[in-house]
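Geometric and topological summary
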Amino acid sequence: MTVQDSRCAPGELGRDPAANENLAVSGDPAVADRAALATPFELTDLSRRRNAPGRRAGLRRVRWLLRGLVPAALLIAWQWSTSAGLVPPTTLASPKSVFEAARDLIADGELQTALRVSTGRALAGLVIGAGIGVAAGLVAGLWKLGEELVDSTLQMLRTVPFIALIPLFVVWFGIGDTPKIVLIAVACVFPVYLNTFAGVRGVDRRLIEVGRVFGLSRTRMITRLVLPNALPSVLVGIRYAMGISLLALVAAEQINASSGLGALVMNASNQIRTDIVIVGVVVYALLGLLVDLVVRLLERLLLPWRPTIVKS
Amino acid sequence: MTTPAGTTPAPAQPAVVMRDVGKAFAARRILDDFALTIARGEFVALLGRSGSGKTTLLRILAELDTVDEGTVLAPRNRSVVFQEPRLIPSERVWRNVLLGLPRRESTLARAQEALAEVNLADHARAWPHTLSGGEAQRVALARALVHRPDLLLLDEPFAALDALTRLRTQALVHELWHRHRPAVLLVTHDVDEALRLADRVVVLTDGKVGLDLRVDLPRPREGTGSRFGDLRSQLLAELGVARPSSPA
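Residues numbered from 1 in each chain as written. Chains lettered and ligands numbered in written order. Predicted model: local features only at pLDDT ≥ 70, side-chain atom pairs only at ≥ 80, totals over all residues. Heavy atoms only, no water.

Some thoughts on the overall build of chain B
A tally of regular secondary structure across chain B gives seven helices and nine strands. Taking 2.2 N^0.38 as the reference for a compact globule, 248 residues should give roughly 18 Å; the C-alpha atoms of chain B span a radius of gyration of 18 Å, in line with that estimate. Each of the three principal axes of chain B carries a C-alpha extent, and together these read 55 × 40 × 35 Å. By residue count, 52% of the 248 residues in chain B fall in the buried class. Restricting to contacts in chain B with at least 6 residues of sequence separation, those with at least 24 account for 69%. Taken as a whole, chain B presents about 11300 Å² of accessible surface, with 50% of it coming from carbon and sulfur. Charge separation in chain B, taken as the distance between the mean sites of 33 positive and 30 negative side-chain charges, equals 4 Å. (Helix = DSSP H or I, 4+ residues; strand = E, 2+ residues; numbered from the N terminus. Rg over C-alpha atoms; globule rule 2.2 N^0.38 Å. Buried < 20%, exposed > 50% of the residue type's maximum accessible area, 1.4 Å probe, protein only. Contact = heavy atoms within 4.5 Å. Areas by Shrake-Rupley, 256 points an atom, 1.4 Å probe, with all protein chains shown as cover. Lys, Arg positive; Asp, Glu negative; His and termini not counted. Charge placed at Lys NZ, Arg CZ, Asp CG, Glu CD.)

Examining the sheet that holds strand E5 (residues 78-81) of chain B
Residues and elements named next belong to chain B. If you trace the six strands from one edge of the open sheet to the other, you get E5-E6-E7-E3-E8-E9, paired in mixed fashion. Every interior strand has two partners, whereas the edge strands, E5 and strand E9 (208-214), have only one. Between one strand axis and the next, the sheet turns by 20 degrees as a mean value, whatever way the strands run. Pairing of strand E3 (residues 43-48) with strand E8 (residues 200-205), which is carried by five bridges, proceeds in the parallel orientation. In the sheet register, Val-44 faces E8, and the bridge partner there is Arg-200. Most of the contacts of helix H4 (residues 133-145) go to E5, to which it runs at about 175 degrees, and overall it touches E5 and strand E6 (151-155). The strands touched by helix H7 (residues 226-238) within the sheet are E3, E8 and E9, with E9 carrying the most contacts at an inclination of about 175 degrees. (Pairing = 2+ DSSP bridges. Axes fitted to C-alpha atoms, helices over the stretch in contact; angles between N-to-C directions.)

Thoughts on the pairing of E9 of chain B
In this structure, E8 of chain B lies alongside E9 of chain B, joined through six bridges in antiparallel fashion. Among the inter-strand pairings, Leu-204 of chain B is bridged to a residue of E9 of chain B, identified as Val-209 of chain B.

Focus: the UniProt feature "transmembrane region" (unreviewed entry) in chain A
Residues and elements named next belong to chain A. Here, the residues flagged by UniProt with the feature "transmembrane region" (unreviewed entry) are residues 64-81, 122-143, 155-175, 181-200, 221-242 and 276-298. Helix makes up 95% of residues 122-143 and strand 0%. Its end C-alpha atoms lie 31 Å apart. Between the C-alpha atoms that bound residues 221-242 there is a distance of 30 Å. The span itself is 100% helix and 0% strand. (UniProt positions renumbered as here; feature names shortened; annotations may be inferred.)

Some points on the interface of chain B and chain A
Listed as interface residues are 25 residues of chain B and, on the opposing side, 17 residues of chain A. The junction of chain B with chain A conceals about 1900 Å² of combined surface from both sides, 60% of it contributed by carbon and sulfur atoms. Interface area lost by chain B to chain A is led by Arg-86, Leu-99 and His-129 of chain B, which between them contribute 27%. There are four salt bridges connecting chain B and chain A. For Glu-209 of chain A, the salt bridge identified is with Arg-86 of chain B, shortest N-O distance 2.8 Å. The dominant element in the side of chain B that touches chain A, judged by the number of residues it contributes, is E5 of chain B, at three residues. In terms of residue class, the side of chain B that touches chain A is made up of 11 nonpolar, five polar and nine charged. (Buried area = accessible area lost by both parts, 1.4 Å probe. Salt bridge = Lys/Arg side-chain N within 4 Å of Asp/Glu carboxyl O. Nonpolar A, V, L, I, M, F, W, Y, C, P; charged D, E, K, R; others polar.)

Thoughts on the side chain of Asp-151 of chain A
All names here are of chain A. On the secondary structure map, Asp-151 appears in helix H8 (residues 144-157). Only 2.5 Å separates the side chain of Asp-151 from the side chain of Tyr-193, close enough to count as a polar contact. The residues touching Asp-151, leaving out its near neighbours within four places in the chain, are Gly-146, Tyr-193 and Phe-197. (Polar contact = N/O pair within 3.5 Å; in protein donor to acceptor, adjacent residues only side chain to side chain.)

Comments concerning the packing of aromatic side chains
Each aromatic ring pair is described using two quantities: the centre-to-centre distance and the angle formed by the ring planes. All names here are of chain A. This model, assessed by the stated rule, comprises five aromatic pairs over all chains. Where Phe-169 meets Trp-172, the ring centres are 5.9 Å apart and the plane angle is 35 degrees; that geometry is what we call tilted. Here Phe-169 and its partner Trp-172 are both found in helix H9 (residues 166-173), three residues apart, which amounts to about one turn of the helix. Trp-172 sits in the exposed class, given a relative accessible area of 54%. (Phe/Tyr/Trp six-rings, centres within 6.5 Å; stacked < 30°, edge-to-face > 60°.)

A closer look at the UniProt feature "domain: ABC transmembrane type-1" (unreviewed entry) in chain A
Residues annotated in UniProt with the feature "domain: ABC transmembrane type-1" (unreviewed entry) correspond here to residues 111-295 of chain A. A distance of 24 Å separates the end C-alpha atoms of residues 111-295 of chain A, which is 84% helix and 0% strand.

Re the environment of Trp-78 of chain A
Residue and element names in this part refer to chain A. You can see Trp-78 is positioned in helix H5 (residues 63-83). Taking C-alpha positions, Trp-78 is 9.1 Å from Ala-93, a pair spaced 15 residues apart along the chain. A distance of 2.9 Å separates a polar atom in the side chain of Trp-78 from the backbone oxygen of Ala-93.

Comments concerning the UniProt feature "domain: ABC transporter" (unreviewed entry) in chain B
UniProt's entry tags residues 16-231 of chain B with the feature "domain: ABC transporter" (unreviewed entry), counted in the numbering of this structure. Annotation note: span residues 16-231 of chain B, helix share 31%, strand share 28%, distance between end C-alpha atoms 25 Å.

What about the nonpolar core?
Counting 51 residues, the largest nonpolar core has Val-97, Leu-115, Leu-141, Val-201 and Leu-235 of chain B as its most contacted members. Broken down by element, this core gets its largest block of residues, seven residues, from H4 of chain B. The next biggest cluster of nonpolar side chains, apart from the first, holds 37 residues, and it includes Ala-187, Ala-248, Leu-261 and Leu-264 of chain A. (Core = buried A, V, L, I, M, F, W, Y, C linked by side-chain atoms within 4.5 Å.)

Description of the sheet that holds strand E2 (residues 28-39) of chain B
Residue and element names in this part refer to chain B. Taking strand neighbours across the sheet as the criterion, the three strands line up as E2-E1-E4 in an open arrangement whose pairing is antiparallel. Every other strand in the sheet has two partners, leaving E2 and strand E4 (69-73) as the edge strands with one partner each. Strand-to-strand twist of the sheet, defined as the mean angle between neighbouring strand axes without regard to direction, takes the value 15 degrees. As judged from the eight bridges shared by strand E1 (residues 14-25) and E2, these two strands associate in the antiparallel manner. Its bridge partner lying in E2, Val-21 is registered against Phe-34.

Next up, the structure:
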């Protein structure tokens, strides 16, 4: 009903050309105006529909509860099915035994040691890989010659899945920490390189013009205009690299690891101790969460000028 | 054309000299045997239809574009205010203002002095993204004036501002020009703005000076009166708005 009311108005407009023709003939605009105003239409009450703030606020209050509902149900189903004997512990340990395994591993310091060894590897690989990525990105981004030399080579190497390199690295570097760190470093180079290059190249041309107008040297253009502009992009690359370093860590540690989280998990797997395997998986997940927090903190500290970060 | 008023000095000491200037993009000739002289301290507004090459002319004087032929002389100490503020987002306002100054002159006090002139002294430590459009443009103005330029190039600096802010910023530019007396080239497409601010209004038509009007009106100008209206109709005619005009 109301919809049809509102359609009346375009109908009026549709008649306008005819009115204009009359206007041209009669030459009296008042006649046409009066004719247009004479055709009635109803007004729709647009203020009748209101927001329902009460319902939305209510939903917001229980949002966390709602979000936790499905995970909690899964956890209960897991605990129930394992303790009722539906699923044998060799297939899937119960949440309770996973918790106990974690407590034991922490109590005798095994988990802490493994964690220290593994994060050490990931961090070393990340620092080396990100360092190479930033350096290569700057060289390729700032100098045309650098782009010719670096870019196509890295683009080519990028197509190699890093996990395929594990057997080669084992031959080259043995089975100690070195092949693992090298693998993580290699995996981290590419996201950092690509984002650094894009960040350097993506600098606003109009800002460069300002630099030229006010007589900035090339060095100052780079330090004051190009690098700060590239920084958010570099951080995105590092964020990817952190995730990938964790992935590479897991992949590298599955093979010939005598220490670290991977060794812990692989040994437990050999002994069919699914509780310890799950502890390992959870720790990997927590590491991923930690990585995200660290990156957010870095962005907040390094990019204070960015509106999105200031507001959040 | 009107005869130059006797009150302004003859361009004996020019700030800008352009002679026989030619400039083409692809096959399109933007400037063709173009000549323009701006005296020291003179405020010149440059009008022209869109695409007539006004901005190209300004960019040539800013050394952001090159000429194909001819002579261009300009002071070394020039500043530009663009249509957009073009502030560096990663630096606070006061650092933006000092851009390009020698290190020993780059002090917070110097920046604050320049910001005070555009009534933004208390925004020195703000990030550019927290400023409104008009404030950011005033920072750009402070950045241009901190160099005490001999030639100030304004490329439609008011175009992106709302009507009220535009009037206020125009008055500010007029005041600062009056105080520091740089030669000014204001590129605009607003005839009233040109007439309110400039000593001379030049219309760029087909790569040449189509009209060169001396604005012999007392300052500050209200934009009313018959003489103002008379000058406005002349300019609009040259721009092809009021009535069709034969090419100059």
